[in-house]
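Coordinate analysis (summary)
So you can see what is in the structure, the chains are spelled out below.
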Amino acid sequence: MKLLKQLCQIHAPSGNEKNMTDFLLNYIETHKVQWKVQPVIVNNEDFQDCILLVFGEPRAAVFAHMDSIGFTVRYGKQLVPIGGPATKTGYTLTGADSQGEITCTLKYDEEEGELSYDYHREIDRGTELVFACDFRETDETVQSCYIDNRLGVWAALRLAETLENGIIAFSCWEEHGGGSVAYLAKYIYEHYHVRQALIADITWVTEGVQPGKGVVISMRDSLIPRRSYVQKIINIAKESGVPYQLEVEGAGGSDAKELQKAAYPWDWCFVGAPEDNVHTPDEIVNKKDIDSMVKLYQVLMEKL
Amino acid sequence: MKLLKQLCQIHAPSGNEKNMTDFLLNYIETHKVQWKVQPVIVNNEDFQDCILLVFGEPRAAVFAHMDSIGFTVRYGKQLVPIGGPATKTGYTLTGADSQGEITCTLKYDEEEGELSYDYHREIDRGTELVFACDFRETDETVQSCYIDNRLGVWAALRLAETLENGIIAFSCWEEHGGGSVAYLAKYIYEHYHVRQALIADITWVTEGVQPGKGVVISMRDSLIPRRSYVQKIINIAKESGVPYQLEVEGAGGSDAKELQKAAYPWDWCFVGAPEDNVHTPDEIVNKKDIDSMVKLYQVLMEKL
Amino acid sequence: MKLLKQLCQIHAPSGNEKNMTDFLLNYIETHKVQWKVQPVIVNNEDFQDCILLVFGEPRAAVFAHMDSIGFTVRYGKQLVPIGGPATKTGYTLTGADSQGEITCTLKYDEEEGELSYDYHREIDRGTELVFACDFRETDETVQSCYIDNRLGVWAALRLAETLENGIIAFSCWEEHGGGSVAYLAKYIYEHYHVRQALIADITWVTEGVQPGKGVVISMRDSLIPRRSYVQKIINIAKESGVPYQLEVEGAGGSDAKELQKAAYPWDWCFVGAPEDNVHTPDEIVNKKDIDSMVKLYQVLMEKL
């Protein structure tokens with residue numbers, strides 16, 4: 001899991017995904033010779049910090065968001081959240097401003113509902129802080145901040161090794177309202193007539209979804225995907241023998257929100273491992289679920 | 001009202017409109033020979049479960065959503081709402097899962113805010129349940145679940161009988177965040193340069209809108225349509241002699257949300273009968289308002 | 001500030017911007033001969049009530065919304081807000097209905113949360129009322145309703161005088177959910193391949209942003225623009241010597257919301273003067289900040 005650890009350590013909050021983009025472009029350049037099929041790599045100013053990998057003759061696309069939650073420094077020692085981070089006093093935050101590297105501590109005043117940092121000096125206005133990475137691995141689990149969604153990115157890179165036909169899209173801003181999937185979806189549909197999507201992201205352990213029981217296929221969250229497409233995914237999973245769990249939620253969302261609202265007829269389904277301690281520095285996921293996530297993506301991209 | 005009764009009985013919650021699509025395609029195929037003009041029928045995978053009927057040289061489009069509210073089975077006996085259904089303990093729900101047809105009872109625990117079903121066994125995860133249809137007709141009224149929006153669909157089919165120039169769009173997901181009007185609007189604008197819309201849907205009886213006083217022209221809801229277009233609609237209605245009422249609301253929405261946010265300059269106006277007992281199994285509408293709804297649509301599609 | 005006063009007096013609530021459109025088209029026609037470059041003027045039914053001015057070979061676009069907040073007459077003496085106006089009993093409102101010009105008084109019942117008007121007769125359903133304009137000018141400040149965003153429009157017109165390459169877009173519906181920037185952004189990107197935006201709008205005086213300290217460059221509000229673009233703007237401002245302040249907020253929004261969600265890869269940054277008494281009839285802004293707003297726009301449109 002050395003690659004996953006590297007990914008979890010990269011500073012790339014929503015809106016400033018550049019470090020992830022550079023890391024991935026370099027990784028892809030270095031490793032693609034070992035991949036079964038050489039993809040077309042799309043990354044230029046018309047795609048902001050996103051990356052598209054197009055393999056062979058695609059029929060489906062995988063979306064994995066690169067950005068993470070975090071905090072922006074406001075005035076004085078105030079913080080404003082990026083996305084929906086857990087806010088427990090004592091969490092270690094890192095970043096950098098004009099005076100150099102920063103390691104400071106999160107403070108949350110519950111009564112006032114105020115977020116701030118504890119540090120020996122004021123940090124530049126607008127500086128982004130993210131959770132400090134403490135990557136922990138056992139035989140059964142990996143634990144770190146930003147498993148959501150560096151694990152989705154990692155799984156997509158594993159998928160890339162053997163993918164023959166399909167698209168992998170690395171997206172931005174997922175944690176904070178979206179902003180890139182709309183144009184990625186437009187480009188993919190218009191250039192390849194692909195309208196089948198899989199969302200490679202991380203979901204929650206709940207009373208209905210348990211760690212170690214397999215990758216999660218989500219039948220719905222705050223939005224409802226087209227039933228016939230979800231059923232097709234479930235049927236493929238069933239036949240494959242890969243362990244999976246069905247999720248049904250009334251809340252939550254993903255890059256699929258932008259697909260659902262797009263002016264293109266995308267079908268989508270969320271397929272990803274479940275984690276506990278969501279949006280904390282201690283996100284934890286079972287290795288069996290990582291394994292079934294990669295396997296199910298391999299099967300789905302072949303059969304869809 | 002035999003057709004309306006049939007429509008109200010069809011299982012087609014948001015995201016699984018397929019049954020409505022099939023029923024409508026069959027109905028259209030069977031009845032179109034009696035229509036004044038033969039429409040082009042658009043329905044393929046690039047339109048998911050939507051249907052477009054294009055008559056002559058269109059200048060305006062009518063949007064009628066096919067989907068209904070309902071519930072999704074979560075874990076154990078829990079339910080998650082589809083759209084915003086009324087949630088009174090005792091409502092009868094129907095659906096089907098791997099073990100067969102289901103008729104069960106809704107339970108709502110107000111204190112905990114928890115929805116569940118009462119049934120002799122657990123129902124498959126992800127199963128959709130809808131209100132059981134008890135269709136009631138008197139000389140003055142029709143009453144049933146899903147008058148919203150099977151009556152809009154019914155009115156659009158009545159309009160189709162004599163329509164010479166215009167588009168009828170049967171859309172999906174309206175009750176649950178939308179997801180099809182964006183691409184329908186794109187297709188219609190790009191292929192026919194049409195950007196005038198009428199939303200054929202059902203609204204509420206309020207202190208300002210009474211049953212039997214005529215079809216409702218809504219001047220605004222949570223969104224505000226372009227004033228000059230609404231005024232044009234009102235002027236046509238005034239001249240027509242068809243009874244109508246003006247609505248002004250600060251809440252609520254329709255398929256028009258997607259038109260307003262579209263990357264195309266659509267004008268839109270909500271025109272539909274008012275109902276009482278909104279989003280319950282007992283939605284009730286006055287036949288006079290149904291009559292004026294159909295008549296006003298016939299006039300508007302001629303004059304716009 | 002005679003022009004600004006005229007702009008503040010124009011009745012143009014969201015959805016009914018026509019009066020502003022007519023005023024601006026007339027102003028542009030009259031004054032453009034004195035401008036350095038003659039723009040292409042785009043305004044037809046495919047742009048609803050919006051106006052685009054295209055100068056030379058554009059690389060960036062300025063968005064200034066024309067609409068204002070206000071109230072719609074509901075039933076009886078009830079009012080429904082347009083956008084988010086301040087609601088203090090005693091504010092003077094103006095408008096017109098079928099019986100003529102209206103000047104009435106706002107009433108707000110805090111306990112019931114009900115808005116109404118005080119007037120000798122009932123006003124036509126759907127009539128729009130706006131704040132009566134009391135324009136006040138001192139050596140240091142201007143004060144009026146609708147500084148937000150008639151000052152943004154005014155600054156854009158000042159910019160037009162010397163602009164050589166760039167686009168100015170006058171948009172609609174910004175105060176009430178948006179509805180025009182999506183198609184303006186599409187048109188601009190497709191016709192000119194421009195994807196750099198500046199939002200010419202008014203922001204708030206806060207503990208971090210003070211009147212008289214310069215135009216505000218917003219690093220984020222409820223949405224987060226791409227960091228590299230904001231940094232580019234800040235660098236140009238720094239080099240220019242024009243006074244500016246950096247803003248960091250967790251709430252609020254602008255026309256940029258539609259750019260962020262667009263199916264086009266727009267970069268955007270909010271650049272505008274700060275005001276106090278936001279969304280009241282007494283919005284006040286410092287003339288120094290107006291001055292630096294115009295100057296910074298001139299520099300940015302040259303350097304971007």
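Under an unreviewed UniProt entry, chain A has the name M20/M25/M40 family metallo-hydrolase and belongs to Pontibacter fetidus.

**A closer look at the overall build of chain A**
Of regular secondary structure, chain A possesses 7 helices and 19 strands. Taken along the three principal axes of its C-alpha coordinates, chain A extends 55 × 45 × 40 Å. Per-residue burial over chain A gives 62% buried out of 304 residues. Long-range contacts, defined here as pairs at least 24 residues apart, represent 74% of the contacts in chain A between residues at least 6 apart. Put simply, chain A shows about 11000 Å² of open surface, and 45% of that area lies on carbon and sulfur atoms. Side chains of chain A carry 29 positive and 45 negative charges; the gap between the two charge centres is 6 Å.

**Some points on the pairing of strand E4 (residues 70-73) of chain C**
Residue and element names in this part refer to chain C. Neither face of E4 is left uncovered, since the one carrying Gly-70 and Thr-72 and the one carrying Phe-71 and Val-73 both have all their residues buried. Where E4 meets strand E5 (residues 79-82), 4 bridges bridge the pair, whose relative direction is antiparallel. Bridge assignment links Gly-70 to a residue of E5, and that residue is Ile-82. Remark: 5 residues form the turn of the hairpin made by E4 and E5, two consecutive strands paired antiparallel; Gly-76 in that turn has positive phi of roughly 55 degrees. Direction of pairing for E4 relative to strand E9 (residues 128-131): antiparallel, over a ladder of 2 bridges. Each bridged residue has a counterpart across the sheet, and for Thr-72 the counterpart in E9 is Glu-128.

**Quick word on the interface of chain B and chain C**
Taken together, the contact pairs 29 residues of chain B with 27 residues of chain C. Regarding the contact of chain B and chain C, the summed buried area is about 2300 Å², with carbon and sulfur atoms giving 46% of it. On the chain B side of the contact with chain C, Arg-226, Arg-227 and Val-248 of chain B bury the most area, a combined 28% of that side's loss. There are 6 salt bridges connecting chain B and chain C. Asp-46 of chain C serves as the salt-bridge partner of Arg-195 of chain B, at 2.8 Å between the closest nitrogen and oxygen.

**Concerning the relation of the copies chain A and chain C**
When chain A is fitted onto chain C, the two copies agree to an RMSD of 0.0 Å after a turn of 120 degrees and an axial shift of 0.0 Å. The transformation just described matches what one would write down for a three-fold rotation axis. Residues of chain A ranked by C-alpha distance from the rotation axis are headed by Ala-263 of chain A, positioned 5.0 Å from it.

**Describing a negative patch on the surface**
Among the surface-exposed residues, Asp-109, Glu-110, Glu-111, Glu-112 and Glu-114 of chain A lie close enough to one another that they form a single negatively charged patch. Take Glu-111 of chain A: it is sitting in the loop between strand E7 (100-109) and strand E8 (114-118).

**Overview of the side chain of Glu-283 of chain A**
Residues and elements named next belong to chain A. Relative to the helices and strands, Glu-283 is located in strand E19 (residues 283-286). One buried charged residue, Glu-283, remains without a salt bridge, the closest side chain of opposite sign being Arg-150 at 8.9 Å. Looking at Glu-283, its side chain comes within polar contact range of the main-chain nitrogen of Ile-147, at 2.9 Å. Of the polar contacts made by the side chain of Glu-283, one reaches the backbone nitrogen of Asp-148; its length is 2.8 Å.

**Some thoughts on helix H4 (residues 181-192) of chain C**
Taking 1.5 Å per residue, 12 residues should reach 16 Å; H4 of chain C reaches 16 Å between its end C-alpha atoms and fits that length. The complete set of buried residues in H4 of chain C reads Val-181, Ala-182, Tyr-183, Leu-184, Ala-185, Lys-186, Ile-188 and Tyr-189 of chain C. In this fold, the buried residues of H4 of chain C make contact with helix H4 (181-192) and helix H6 (256-261) of chain B together with strand E2 (51-55), strand E3 (61-65), strand E12 (166-171) and helix H6 (256-261) of chain C. The positive-phi residue at the C-terminal boundary of H4 of chain C is His-193 of chain C, with phi of around 50 degrees.

Cut-offs used in this document
Residues numbered from 1 in each chain as written. Chains lettered and ligands numbered in written order. Predicted model: local features only at pLDDT ≥ 70, side-chain atom pairs only at ≥ 80, totals over all residues. Heavy atoms only, no water. Helix = DSSP H or I, 4+ residues; strand = E, 2+ residues; numbered from the N terminus. Buried < 20%, exposed > 50% of the residue type's maximum accessible area, 1.4 Å probe, protein only. Contact = heavy atoms within 4.5 Å. Areas by Shrake-Rupley, 256 points an atom, 1.4 Å probe, with all protein chains shown as cover. Lys, Arg positive; Asp, Glu negative; His and termini not counted. Charge placed at Lys NZ, Arg CZ, Asp CG, Glu CD. Pairing = 2+ DSSP bridges. Buried area = accessible area lost by both parts, 1.4 Å probe. Salt bridge = Lys/Arg side-chain N within 4 Å of Asp/Glu carboxyl O. Least-squares fit on C-alpha atoms with pLDDT ≥ 70 in both. Patch = residues over 30% accessible without salt bridge, like charges linked within 9 Å, V, L, I, M, F, W, Y side chains within 5 Å. Polar contact = N/O pair within 3.5 Å; in protein donor to acceptor, adjacent residues only side chain to side chain. Expected span 1.5 Å × (residues − 1).

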